[in-house]
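Per-entry structural report
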Amino acid sequence: KRRLWPTLGAGLMLTGLAILTFGQIGRWAGGDAFWRPIIAEWPSWDRPFYGLATVRLRENRDAEAAELYAQAYRRGYRQEHLADYGVVLAALGRANDAECVLVEAIVHGNRKTESLRNYARLLASRPNRTLRYPRAAAKLIPAAARALPRATRRLQRIHRRLAPPDDDRLHWPRGHCSLV
């Protein structure tokens, strides 16, 4: 009888904690329940916008992700999100914007190989498109072809159309792309 009450009390406490935990799962899953209150509390802070944009990217809600990335970059520059922002813009058919952001990701981002592959995919998907940044492309296409070998022929076709680079360095200041 003496052990019954502590055991019963511990069981009730664990049941209560389980119910409270279940109620918080949605919030800590990282979706709207987590990010929206943070955005409401600190609307000038860039990080929750990046967090929610990443959630939208994973949910294949590209238009929402692009808008959230745009809002985030208006609040602060984060190199670690450049590659994802470029992918979202490409998925939306905004090739010129994607080209700009992916060049920025290659030069200043922290996921250069992934960015080169995505840049190669973007260029190879429409090889006859007039490039917005042909000088950058002239310098980056050889590395992009190495990053995505199956696109090499299409990339070489684009590269032949471009003027040869005037030097080996790509001059692309941080924030050169107006979207970031």
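For every chain, the first residue of its written sequence is number 1, and the numbers climb from 1 along that sequence. Local features in this predicted model are restricted to residues whose pLDDT is 70 or higher, and side-chain atom pairs enter the listing and the counts only when it is 80 or higher, whereas totals over whole chains, interfaces and linings include all residues. With hydrogens and water excluded, all non-hydrogen atoms of the structure serve as input to the side-chain values.

Secondary structure follows DSSP: runs of H or I at least 4 residues long count as helices, runs of E at least 2 residues long count as strands, and numbering of each begins at the N terminus. Scanning the protein chain for helices and strands turns up nine helices and zero strands. In sequence order, the secondary structure elements of the protein chain are arranged as α-α-α-α-α-α-α-α-α. Throughout, radius of gyration means the C-alpha value; the globule benchmark is 2.2 Å times the number of residues raised to the power 0.38. What you see for the protein chain is a C-alpha radius of gyration of 23 Å, clearly larger than the 16 Å of a compact globule of 180 residues, by over 25%. Here the C-alpha coordinates of the protein chain stretch approximately 90 × 35 × 25 Å along the principal axes. The proportion of buried residues among the 180 residues of the protein chain is 43%. With an accessible surface of roughly 11,000 Å², the protein chain has 55% of that area assigned to carbon and sulfur atoms. Exposure classes here rest on a 1.4 Å probe applied to the protein chains alone. A residue is buried below 20% of its type maximum, exposed above 50%, and partly exposed in between. Only the protein chains shown count as cover for residues, with accessible areas throughout obtained via the Shrake-Rupley method and a probe of 1.4 Å.

Covalent bonding between the sulfur atoms of two cysteines is what defines a disulfide. Working definition: a disulfide is two cysteine sulfur atoms within 2.5 Å of each other. The tally for this structure, following the rule as stated, stands at one disulfide. The disulfide that involves C100 links it to C177, with 2.3 Å between the sulfurs. With C100 in helix α6 (residues 95–108) and C177 in the segment after α9 (152–161), this residue pair connects regions lying 77 residues apart in the sequence. Overall, C100 belongs to the buried group, its relative accessible area being 3%.

For the rest of this paragraph, the subject is the nonpolar core. By convention a nonpolar core is built from buried Ala, Val, Leu, Ile, Met, Phe, Trp, Tyr and Cys residues, the set being connected through side-chain atoms within 4.5 Å. Of all hydrophobic cores here, the largest spans 54 residues; its most connected members are Y69, Y85, Y119, L155, W172 and V180. When checking whether two residues touch, look at their non-hydrogen atoms; a contact exists if any pair is within 4.5 Å. If near-sequence neighbours (up to four positions away) are discounted, L155 is found in contact with A120, L123, A124, I141, A144 and A145.

It is worth spelling out the pattern of salt bridges at this point. In what follows, salt bridge is the name for a side-chain nitrogen of Lys or Arg lying within 4 Å of a carboxyl oxygen of Asp or Glu. Using the criterion set out here, one finds 13 salt bridges in the structure. Linking R56 and D32 is a salt bridge whose minimum nitrogen-to-oxygen distance equals 2.7 Å. Of the two residues, R56 is situated in helix α3 (residues 47–58) and D32 in helix α2 (residues 32–41); the sequence distance between them amounts to 24 residues. With a relative accessible area of 2%, R56 lands in the buried category. Given the relative accessible area of 34%, D32 is considered partly exposed. In this structure, the salt-bridge partner of R111 is D84, at a minimum N-O distance of 2.6 Å. Taken together, the positions of R111 in the loop between α6 and α7 (112–125) and D84 in helix α5 (residues 82–91) put the pair 27 residues apart, joining distant regions of the chain. Residue classification places R111 among the partly exposed residues on the basis of a relative accessible area of 23%. Relative accessible area serves as the criterion here: at 14%, D84 is assigned to the buried category. Via salt bridges that share partners, D32, R36, R56, E59, R61 and E64 belong to a single interconnected network.

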